[in-house]
Amino acid sequence: MSSRRSRSRQSGGGSSTISDDQIADLVSKLQQLIPELHSRRSDKVSASKVLQETCNYIRNLHREVDDLSDRLSELLASTDANSAQAAIIRSLLM
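About the criteria used
Counting restarts for each chain, with residues numbered from 1 along the sequence as it is written. Residue-level local features of this predicted model are given only where pLDDT is at least 70; pairs of side-chain atoms are given and counted only at 80 or more, and the full residue set underlies all totals for whole chains, interfaces and linings. Hydrogens and waters are ignored; side-chain quantities use all the structure's heavy atoms. Secondary structure is summarised from DSSP: a helix means a run of H or I of at least four residues, a strand means a run of E of at least two, and numbering begins at the N terminus for each. Each residue gets one of three labels from its accessible area relative to the maximum for its type: buried under 20%, exposed over 50%, partly exposed in between, using a 1.4 Å probe on protein chains only. Whether two residues are in contact is decided by their heavy atoms: any pair within 4.5 Å suffices. With axes taken as lines fitted to C-alpha atoms, and helix axes fitted only over the stretch in contact, angles between N-to-C directions fall between 0 and 180 degrees. Oblique is the label for any angle not under 35 degrees, not over 145, and not in the 65 to 115 range, which are roughly parallel, roughly antiparallel and roughly perpendicular in turn. The crossing is said to be left-handed when, going from far helix to near helix, the turn is anticlockwise and less than a right angle, and right-handed when the turn is clockwise. Classes in brief: Ala, Val, Leu, Ile, Met, Phe, Trp, Tyr, Cys and Pro nonpolar; Asp, Glu, Lys and Arg charged; the others, Gly included, polar. The definition of a polar contact used here is a pair of N or O atoms within 3.5 Å, where within protein one atom must be able to donate a hydrogen and the other to accept one, and adjacent residues in sequence count solely through side-chain atom pairs. What a helix should span is 1.5 Å times the count of its residues minus one. Buried Ala, Val, Leu, Ile, Met, Phe, Trp, Tyr and Cys residues form a nonpolar core when they are joined through side-chain atoms within 4.5 Å. In this scheme, patches are assembled from residues that exceed 30% relative accessible area and form no salt bridge. Like charges are connected within 9 Å, while nonpolar side chains (Val, Leu, Ile, Met, Phe, Trp, Tyr) are connected within 5 Å. Exposure was quantified through the Shrake-Rupley algorithm and a 1.4 Å probe, taking into account, for residues, occlusion by the shown protein chains and nothing else. By convention in these notes, a salt bridge is any Lys or Arg side-chain nitrogen within 4 Å of a carboxyl oxygen on Asp or Glu.

Considering the overall build of the protein chain
- Secondary structure assignment for the protein chain yields five helices and zero strands.
- Counting from the amino terminus, the protein chain carries its helices and strands in the arrangement α-α-α-α-α.
- Buried positions account for 13% of the 94 residues belonging to the protein chain.
- The contacts of the protein chain with a sequence gap of at least 6 include a subset with a gap of at least 24, amounting to 7%.

Quick look at the side chain of threonine 54
- Within the secondary structure layout, threonine 54 lies in helix 4 (residues 47-77).
- Beyond its immediate sequence surroundings of up to four residues, threonine 54 is in contact with Leu30 and Ile34.

What about the packing of helix 2 (residues 20-33) against helix 4?
- Helix 4 packs onto helix 2 with a crossing angle of 40° between their chain directions and a minimal axis gap of 10 Å. The angle between helix 2 and helix 4 places the two elements in the oblique class. The chirality of how helix 2 crosses helix 4 is left-handed. Only Ala47, Val50, Leu51, Thr54 and Tyr57 of helix 4 make contact with helix 2, whose side of the interface consists of Val27, Leu30, Gln31 and Leu33.
- Of the residues belonging to the contact of helix 2 with helix 4, the class tally is seven nonpolar, two polar and no charged.

Considerations on the environment of arginine 59
- Relative to the elements of secondary structure, arginine 59 occurs in helix 4.
- Given the relative accessible area of 44%, arginine 59 is considered partly exposed.
- Only 2.8 Å separates the side chain of arginine 59 from the side chain of asparagine 56, close enough to count as a polar contact.

Notes on helix 4
- Look at helix 4: 45 Å from first C-alpha to last across 31 residues, which is about the 45 Å you get at 1.5 Å a residue.
- When helix 4 is considered as a whole, its buried residues turn out to be Val50, Glu53 and Thr54.

Topic: the nonpolar core
- Formed by Val27, Ile34, Leu37, Val45 and Val50, the largest nonpolar core amounts to five residues.
- Apart from residues no more than four positions distant in its own chain, valine 45 is found in contact with Gln31, Leu37, Arg40 and Val50.

Describing a nonpolar patch on the surface
- Where nonpolar side chains cluster on the molecular surface, the patch consists of Ile18, Ile23 and Leu26 and spans about 240 Å² of accessible area.
- Within the secondary structure, isoleucine 18 sits in the loop between helix 1 (3-11) and helix 2.
- Using a relative accessible area of 37% as the deciding quantity, one classes isoleucine 18 as partly exposed.

So this is what it looks like as structure tokens:
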């Protein structure tokens, strides 16, 4: 048993453990969600690569959300505060 796995079992304090098969299944499902990895035809992508690409993808999504929020804020500043358009923009920013 790997030391990492034995540590997680020892520190789990009675919590359930996850099997290697379950980890492989979760990594496979995660791979299907990440566009960069999903487009690859090879199923031979390491768990490490899947996790790295997942982190990169989440960072990019955060950047996109920030950019869109900034654009909506700029649009809101340029519209009449009492208009229906301003109300829609405010609802999107919340």
